[in-house]
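What follows is the residue order along each chain.
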Amino acid sequence: MLHPVYYIIMLILTIGSYKEFTTGVRLKQFFVAMCVVMVIIAGIRVGQGADYWPYFDLFIGSNEFVPWNRVFESSMGIEPTYVIISKLCGGLGLPFTVFLLVWAGISIFLKGKTFLDYSPLPVFSLLYFFMPGFFAGDMGHIRQGMATALCIFSFRYIADRKLYKFLICLYFAYLTHKTAMVFVPAYWIANMKISTTKAFLIVLLGFILWP
């Protein structure tokens, strides 16, 4: 069972979403405040969330055993973005908690910025992300969470038809988690006229290819 604080946040976001929908007013300050709360929760947790201790071990290992000139070597077994931010925090003598705050801050900023810029109901979008995306990503598998944030942020380059900037954004997502490469076709798919039947077949194909 989740800690009551998560249910409280979900209730507050639900109330905010209802007000946003019924009044048509964009609650920007409320939205930003809730993002800050989510960053703090993702940062100060200790031992909570999937892979917390493996990520802690990777943080220690990145600082003790990975020299800067080997950060981009595939033999290290971990994507470069995680190692770089780990070493930057570790080099300043900062604890793992600060690393989590920095990581969650970047990830949630990228998602939140996109929701504010492109969603007609940003608070509702944040609520939709909070359960379960926040727990699966920013509270759990944080590399996937950051890669997803970069993919979401790249939507602005799809909308503006800026291919090179889109690919650069996806390259950074790839350096965070290799699975981000599955998002590359989104640049072309987003502007295709796809019927309901074709959309269903594409989703079905995705499930077949997923393993």
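Residues numbered from 1 in each chain as written. Predicted model: local features only at pLDDT ≥ 70, side-chain atom pairs only at ≥ 80, totals over all residues. Heavy atoms only, no water.

Colleague: Help me understand the overall build of the protein chain, please; the structure alone is not making it clear to me.
Modeller: Within the protein chain, the regular secondary structure consists of 11 helices and zero strands. Secondary structure elements of the protein chain occur, N-terminal to C-terminal, as α-α-α-α-α-α-α-α-α-α-α. In summary, the protein chain has a C-alpha radius of gyration of 18 Å against a globular reference of 17 Å for 211 residues, a match within 12%. If you line up the protein chain on its principal axes, its C-alpha atoms span 50 × 40 × 30 Å. Each of the 211 residues in the protein chain was classed as buried or not, and the buried ones make up 39%. Of the contacts made within the protein chain by residues no fewer than 6 positions apart, 69% connect residues no fewer than 24 positions apart. Carbon and sulfur atoms make up 72% of the accessible area of the protein chain, which amounts to about 12,300 Å² in all. Across the protein chain, the 16 positively charged side chains and the 9 negatively charged ones have centroids separated by 11 Å. (Helix = DSSP H or I, 4+ residues; strand = E, 2+ residues; numbered from the N terminus. Rg over C-alpha atoms; globule rule 2.2 N^0.38 Å. Buried < 20%, exposed > 50% of the residue type's maximum accessible area, 1.4 Å probe, protein only. Contact = heavy atoms within 4.5 Å. Areas by Shrake-Rupley, 256 points an atom, 1.4 Å probe, with all protein chains shown as cover. Lys, Arg positive; Asp, Glu negative; His and termini not counted. Charge placed at Lys NZ, Arg CZ, Asp CG, Glu CD.)

Colleague: Please explain the side chain of Ser125 as it appears in this structure.
Modeller: Its location among the elements puts Ser125 in helix α6 (residues 122–138). Sequence-distant contacts of Ser125, that is, excluding residues within four places in its chain, are made with Phe115 and Ser119.

Colleague: Is there a simple way to explain the packing of aromatic side chains in this structure?
Modeller: One pair of aromatic rings is described through two measures. These are the centre distance and the angle between the planes. Taken as a whole, this structure holds 24 aromatic pairs when the rule is applied. With a centroid separation of 5.4 Å and an interplanar angle of 55 degrees, the aromatic rings of Phe59 and Phe96 are classed as tilted. In this pair, Phe59 is assigned in helix α3 (residues 52–65) and Phe96 in helix α5 (residues 96–118), connecting sequence segments 37 residues apart. In this pair, the class of Phe59 matches that of Phe96, namely buried. Geometrically, the ring pair formed by Phe134 and Phe135 is edge-to-face, given 5.6 Å between the ring centres and 75 degrees between the ring planes. Residue classification places Phe134 among the buried positions, given a relative accessible area of 0%. The buried category is assigned to Phe135, whose relative accessible area is 17%. (Phe/Tyr/Trp six-rings, centres within 6.5 Å; stacked < 30°, edge-to-face > 60°.)

Colleague: Just to check I follow, could you spell out the pattern of salt bridges for this structure?
Modeller: If charged atoms from side chains of opposite charge come close, those side chains can pair. Under the counting rule described, the total for this entry stands at four salt bridges. Linking Lys113 and Asp117 is a salt bridge whose minimum nitrogen-to-oxygen distance equals 3.5 Å. One end of the pair is Lys113 and the other is Asp117, both in helix α5 and four residues apart, which spans about a single turn. Using a relative accessible area of 38% as the deciding quantity, one classes Asp117 as partly exposed. Notably, a salt bridge pairs Arg156 with Asp117, separated by 3.2 Å at the nearest N-O pair. Of this pair, Arg156 sits in helix α8 (residues 155–159) while Asp117 is found in helix α5, placing the two residues 39 residues apart along the sequence. Several salt bridges converge on common partners, so that one network encompasses Lys113, Asp117 and Arg156. (Salt bridge = Lys/Arg side-chain N within 4 Å of Asp/Glu carboxyl O.)

Honestly, that's just the spatial picture; any functional story needs more than this.
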